Amino acid sequence: MGRAFIAGLAVLAALTGCTVQTPDGEGKRRSPVHIELPSDTPAPDDGTPARGGDASSAAPAPDDDKPSVAPAPPRVLWSRGDTGRDVRELQARLRQVAWLFEGPTGTYGEQTERAVSGFQGKRGLPRTGKTDAVTWRRLLRMTREPGRWDLYLMGGQQADPPDARCRSGRVLCIDKTSRTLRWMIDGRTVSTMAVRFGSQGTPTREGVFSVYWKSRDHVSTLYDSPMPYAMFFSGGQAVHFSADFAARGYAGGSHGCVNVRDEQAIAELFAQVRNGDKVVVSW
């Protein structure tokens, strides 16, 4: 019976993970059965702390509170005080979308700044009044490429070299290609101003003429329109100031006269020109 009891204990030990203990080194006999229990539950593979384990030993959670880096503001291309051809194009395009009604002048002034700010606000962009890369791309998508006389609608263009017939004497040298008038004395340019000409039905005549009559406060008897500072050179055609040219630029035209839009410039010119001075009109 004793052997059967010991055999039963051995089977029980094998099934339960128990071991039968022998006497220790001092000859003392331990408990015949010693059961080893696991001290903790293994941690799962997902990185979470084991149940009942020390949470402080778990892997730290990612830091989600770091501030994100703010995107850099778009680059400013032009702003108040800038000048040049690019500013003219900006102004010409703003005119196309009815945000600007003056110029183009080629100078980024208060009116241009206000127009850019209005354009930006309408499209949900920051209203800085400065033309940055984002504002410019949006404006480009909405407009067409301006032509030369869109850029110089109100004048400001450079004059072409003078006709050879203008290089001697006192001459009103009028160039239809560059739409300019040079007042020249002995080959030297005294002043230059933008001019416009007659329409297709009433063209300005070309050739060499001379001033035969000056009329400070002239009014046209044919068209009942004012022609201040008129300097007649060919029949009823004259160089004179035009309020319409000053207001609308090259959007309009004359009945054959040479219109000047700068009243101060033509007032000074009128004071210097004499009857008999040469007039050259050419392409």
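Residues numbered from 1 in each chain as written. Predicted model: local features only at pLDDT ≥ 70, side-chain atom pairs only at ≥ 80, totals over all residues. Heavy atoms only, no water.

1. Description of the pairing of strand β11 (residues 237-241)
No. 1: Of all five residues making up β11, five are buried, and the element is well covered by its neighbours.
No. 2: Here β11 shows a buried face lined by Gln237, Val239 and Phe241 and a second buried face lined by Ala238 and His240.
No. 3: As paired elements, strand β10 (residues 226-234) and β11 share three bridges and run antiparallel to each other. Counted as the bridge partner of Met231 is Val239 from β11.
No. 4: In sequence, β10 turns back onto β11 through a hairpin of two residues, with Gly235 there showing a positive phi of about 60°.
No. 5: By the bridge criterion, three bridges tie β11 to strand β12 (residues 258-260) in an arrangement that is parallel. Within β12, the position partnered with Val239 by the bridge is Val258.
No. 6: With respect to chirality, the unit in which β11 leads through helix α6 (residues 243-248) into the neighbouring parallel β12 is right-handed. (Buried < 20%, exposed > 50% of the residue type's maximum accessible area, 1.4 Å probe, protein only. Helix = DSSP H or I, 4+ residues; strand = E, 2+ residues; numbered from the N terminus. Pairing = 2+ DSSP bridges. Right-handed = clockwise from strand over helix to strand, strands pointing away.)

2. Description of the pattern of salt bridges
No. 1: Inspection of the entire model under this criterion finds 12 salt bridges.
No. 2: When the shortest N-O distance is used, the salt bridge between Arg196 and Asp244 registers 2.7 Å. With Arg196 in strand β7 (residues 188-196) and Asp244 in helix α6, this residue pair connects regions lying 48 residues apart in the sequence.
No. 3: Taking the relative accessible area as the measure of exposure, Arg196 reaches 3% and is therefore buried. (Salt bridge = Lys/Arg side-chain N within 4 Å of Asp/Glu carboxyl O.)

3. Section: unusual backbone geometry
The phi angle of most residues is negative, glycine excepted, and most peptide bonds adopt the trans form.
No. 1: Omega for the peptide link from Gly103 to Pro104 comes to 0°, which places this bond in the cis form.
No. 2: Among the structural elements, Pro104 can be located in the loop between α2 (85-96) and α3 (110-122).
No. 3: The backbone of Ala98 shows a phi angle near 60°, a positive value even though the residue is not glycine.
No. 4: By secondary structure assignment, the location of Ala98 is in the loop between α2 and α3.
No. 5: In this structure, Asp186 is a non-glycine residue whose phi angle is positive, near 55°.
No. 6: Counting through the fold element by element, Asp186 comes out in the loop between β6 (180-185) and β7.

4. Concerning the confidence of the model for the protein
No. 1: Mean pLDDT over the protein: 85, with 76% of residues reaching 70 or higher.
No. 2: Contacts from residues 31-35, a stretch scored under 50 in pLDDT, to residues over four places away or in other chains number 10 contacts.
No. 3: Note on residues 37-57: pLDDT is under 50 here. Beyond four places in sequence and across chains, it has 11 contacts. (pLDDT = per-residue confidence, 0-100. Contact = heavy atoms within 4.5 Å.)

5. A look at the packing of aromatic side chains
No. 1: Overall, the coordinates contain seven aromatic pairs when judged by the stated rule.
No. 2: Taken together, a centroid distance of 5.2 Å and an interplanar angle of 55° make the contact between Phe245 and Tyr250 tilted.
No. 3: We classify Tyr250 as buried; its relative accessible area is 13%.
No. 4: Through successive ring pairs, a cluster of aromatic residues spans Trp149, Phe245 and Tyr250.
No. 5: The ring of Trp149 has Arg179 sitting right over it, with the charged end atom 4.2 Å from the ring centre.
No. 6: Positioned above the aromatic ring of Tyr250 is the side chain of Arg179, whose terminal nitrogen or guanidinium carbon lies 4.6 Å from the ring centre. (Phe/Tyr/Trp six-rings, centres within 6.5 Å; stacked < 30°, edge-to-face > 60°. Lys NZ or Arg CZ within 6 Å of the ring centre and 35° of its normal.)

6. Notes on the state of the cysteines
No. 1: In total, this model carries one disulfide according to the counting rule given.
No. 2: Sulfur-sulfur distance for the disulfide between Cys166 and Cys173 comes to 2.2 Å. The S-S bond linking Cys166 to Cys173 shows a torsion near 80°; that makes this disulfide right-handed.
No. 3: A relative accessible area of 5% means that Cys173 is categorised as buried. (Disulfide = S-S within 2.5 Å.)

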